[in-house]
Amino acid sequence: MNELFERWVAAGMQKSYARHGTSVHVQGPHRYLYTHPTGDAFRMKPDIVIGLSNGPDPIVVDTKWKLLDTSSTYAGVAQADAYQMYAYMDRYNASKVILLYPHHPGYDRPIGKQAEYRHSVYTERTLEVWTVDVEAGSVGEWLF
């Protein structure tokens, strides 16, 4: 289901942002977390990258087919996912990275941005947590 959710989000974003000439890359562009004398190591493959060559800093979006839960720490966002998004922020020089989850009836907050965490050193860089309504049938330009 995660792959289907990712494809649905990516298709909606490509359609929406293309009208403004903003590129939306799916499963790339590839970068590497480290370099090594024998070559680059640990290839990175973000779900979605909005922008890159034509405008402001890119936005990296990672889709998660998981349910958020307001009763748990950080609404259930996994620490490993936060670390992954930090790596994307660093290697893609992204001003914003987003974890995107499906909204569900049991989640007692409105659809949209759920949380924003600022980097302690680069305070203009943020990790945002969003939910999107899968039943609505489309993903709009809600990230800009």
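Residues numbered from 1 in each chain as written. Predicted model: local features only at pLDDT ≥ 70, side-chain atom pairs only at ≥ 80, totals over all residues. Heavy atoms only, no water.

### Remarks on the side chain of aspartate 81
Reasoning step 1: By secondary structure assignment, the location of aspartate 81 is in helix α2 (residues 79-91).
Reasoning step 2: With residues up to four places along the chain from it excluded, the contact list for aspartate 81 reads Lys64, Lys66, Leu99 and Tyr101. (Helix = DSSP H or I, 4+ residues; strand = E, 2+ residues; numbered from the N terminus. Contact = heavy atoms within 4.5 Å.)

### Observations regarding the pairing of strand β5 (residues 59-63)
Reasoning step 1: Counting buried residues along β5, 5 of its 5 residues qualify, which places the element largely inside the surrounding structure.
Reasoning step 2: Side chains Ile59, Val61 and Thr63 of β5 all project onto a buried face; the interleaved residues Val60 and Asp62 project onto the opposite face, where all are buried too.
Reasoning step 3: Bridge count between strand β4 (residues 48-50) and β5: 3 bridges; the pairing is antiparallel. Each residue of the ladder has a partner; that of valine 49, found in β5, is valine 60. (Buried < 20%, exposed > 50% of the residue type's maximum accessible area, 1.4 Å probe, protein only. Pairing = 2+ DSSP bridges.)

### Section: the pattern of salt bridges
Reasoning step 1: With the rule as written, the count across this model stands at 8 salt bridges.
Reasoning step 2: Where glutamate 3 meets arginine 7, a salt bridge forms, and the shortest distance between an N and an O atom there is 3.5 Å. With glutamate 3 and arginine 7 both in helix α1 (residues 2-18) and 4 residues apart, this pair spans about one turn of that helix. Arginine 7 carries the same exposure label as glutamate 3, and that label is exposed.
Reasoning step 3: Between glutamate 116 and arginine 118 there is a salt bridge whose closest N-O contact spans 3.0 Å.
Reasoning step 4: On the basis of relative accessibility, which here comes to 33%, the residue glutamate 116 falls in the partly exposed class.
Reasoning step 5: A cluster of three or more residues bridged by salt bridges with shared partners is formed by Lys96, Lys113, Glu116, Arg118 and Glu128. (Salt bridge = Lys/Arg side-chain N within 4 Å of Asp/Glu carboxyl O.)

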